[in-house]
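Chain and residue survey
Residue strings, one per chain:
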Amino acid sequence: MKMETKVKTFDCKHFINGEYVASKSGKTFENLNPATEELLGTVCEGGKEEIDRAVNAARKALNGPWKKIKQNERIAILRRIGDIILERKDELARLESLDTGKPYWLASSVDIPRAAYNFHFFADYLRGIGTEAYQMDDEAINYSIRRPVGVVGLINPWNLPLLLLTWKLAPCLAAGNTAVIKPAELTPLTATVLGEICRDAGVPDGVVNIVHGFGPNSAGAALTEHPDVDAISFTGETTTGKVIMASAAKTLKKLSYELGGKNPNIIFADSDLDEVIETTIKSSFINQGEVCLCGSRIYVERPIYDQFLAKFVAKTKELKIGDPFDPQTKIGALISKEHYERVNGYLDLAKEEGGQFLTGGKRPEGLKKGYYLEPTIIVGLDRSCRVVQEEIFGPVVTVIPFDSEEEVIMQANDTHYGLSATIWTNNLRRAHRVAAQIEAGIIWVNTWFLRDLRTPFGGMKQSGIGREGGMHSFEFYSELSNICIKL
């Protein structure tokens, strides 16, 4: 049964010092549903003044009520945030689907449960975290104490809005920091509701602040340049990351980046082809391909190349595209008109570069409204082509045959990205041998998107700086002081 999709307009205000407030300038911008191109509501456009107010509130809370809260109480608050997210799962999933164009079932089964689990995980993790101690014979003992890094700016992308925001906010709060959040301007809904959820969970005023707006010359720039912000965590596009780094350099802020990816999916002839196809459909096209971890460069060993293509194309053509609230829909709408045109620009480029389209490459028939694009499989491109080298961030993959391990390792590493990779083989020695040579921060063997939140998450080369997850998150969101006591 298809869900009712009509929604009253949802206007988004800033959340500063525990209250929802409008911009002093009165400026707003429109928030559109990418699946229907209809107005969802207006969003307050923040700038330097709103960032100043949010940072001041965060600094006051850092040195006030939040600092006095004991660890057990902080753990209880984090768990309560997760609980409330689950209690409001249907509402949040609906808002996420309206905002992003992704299927409702995906938001309901992945995005929102994982957002809740981020808080539950870091609440539990906080109980067991410790620091190091070293004894220097009978002369002295050294031990470390951990303290919050301070006021942290969290800049969030639009593809997995609540999931990735909570992936940052949960460890940020667990470590005792306060936060100023700048959500993606295209997806403000669930971030706005999160302010209310934090307040209801007992988070003191000023600990969590949310300022809507744009990046350059707006709220984003004001946040990254602010002299009283101690650290910035950013997930998004590589070019934006470079701009943020330049802004943050003025005050030597700590930086954590998870940036773009152009990830190889390497398929050897000895793999289970049916299992490969089932997972590769997901790793290619889930969330309309708008996932930084998607395996958009597919390399197939030549003996099974034709067989793989036949099965992959057939399964791709079965994917239903359309209304995000139809339970049968597998592919929703791209995030915006601008992004839709950008992805289509790469399709035009693929044709110029000599690519052959086995599926997709156009708007689905019967869908005149919304930013829909058929999942697209392209072959016949050289590894140096821009469509193979550059992140498209849409339902578009390239497939290239290979003949040897050495060849595919070279091609997989032939990019300035290094976020993730997937390797398919039933040869144990080959799995270890190839995985050790792939230049990526996250490498899956015979699976994809399987995450243990204790493990390091992040990219190398131009796909990021630092790691998130478990202790790696705490290392970023805290400062260590070593204390040496002479005995």
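Refer to the structure above for everything that follows.
Criteria and thresholds
Residues numbered from 1 in each chain as written. Predicted model: local features only at pLDDT ≥ 70, side-chain atom pairs only at ≥ 80, totals over all residues. Heavy atoms only, no water. Pairing = 2+ DSSP bridges. Helix = DSSP H or I, 4+ residues; strand = E, 2+ residues; numbered from the N terminus. Salt bridge = Lys/Arg side-chain N within 4 Å of Asp/Glu carboxyl O. Buried < 20%, exposed > 50% of the residue type's maximum accessible area, 1.4 Å probe, protein only. Axes fitted to C-alpha atoms, helices over the stretch in contact; angles between N-to-C directions. Right-handed = clockwise from strand over helix to strand, strands pointing away.

In the sheet, strand 3 (residues 28–32) pairs with strand 4 (residues 39–44) via five bridges, with the strands oriented antiparallel. Following the sheet pairing, T28 is matched in strand 4 by C44. A loop of six residues connects strand 3 with strand 4, the two strands running antiparallel in sequence, and E37 in this loop sits at a positive phi of about 65 degrees.

Further remarks concern the pattern of salt bridges. As enumerated under the stated definition, the model contains 23 salt bridges in all. When the shortest N-O distance is used, the salt bridge between E475 and R146 registers 3.9 Å. With E475 in helix 16 (residues 470–477) and R146 in strand 6 (residues 140–148), the pair connects residues that are 329 residues apart, well separated along the chain. Judged by its relative accessible area of 37%, E475 falls in the partly exposed class. By relative accessible area, R146 is classed as partly exposed at 25%. We note a salt bridge from E405 to R433, for which the minimum N-O separation is 2.6 Å. Of this pair, E405 sits in helix 14 (residues 405–413) while R433 sits in helix 15 (residues 428–435), and the two are 28 residues apart along the sequence. The exposure class assigned to E405 is buried, which follows from its relative accessible area of 13%.

Within the open sheet, the seven strands sit side by side as 14-15-16-13-12-17-18. Their pairing is mixed. Edge strands, defined here as strands with exactly one partner in the open sheet, are strand 14 (356–359) and strand 18 (442–445). When strand polarity is set aside, the average angle formed by the axes of neighbouring strands in this sheet is 25 degrees.

Turning our attention to the sheet that holds strand 20 (residues 478–486). Overall, antiparallel pairing links the three strands, which are arranged 5-6-20 in an open sheet. Taken across any chain shown, the strands that pair with only one partner, and hence form the sheet edges, are strand 5 (133–136) and strand 20. Strand-to-strand twist across the sheet, computed as the mean angle between neighbouring axes with direction ignored, equals 20 degrees. Bridging between strand 6 and strand 20 involves nine bridges; their strand directions are antiparallel. Residue pairing in the sheet places I141 in a bridge with I485 of strand 20.

The next point concerns unusual backbone geometry. Unlike most non-glycine residues, N446 shows phi in positive territory, near 60 degrees. Among the secondary structure elements, N446 is positioned in the loop between strand 18 and strand 19 (464–465). For K461, which is not a glycine, the phi torsion comes out positive at approximately 50 degrees. On the accessibility criterion, K461 (36% relative accessible area) is partly exposed.

What follows deals with the pairing of strand 18. Here strand 18 shows a clear split, with I442 and W444 buried on one side and none of I443 and V445 buried on the other. Pairing of strand 17 (residues 420–424) with strand 18, which is carried by four bridges, proceeds in the parallel orientation. Residue I423 lies in a different strand from strand 18, and its bridge partner there is V445. As a crossover connection, the stretch from strand 17 through helix 15 into strand 18 is right-handed.

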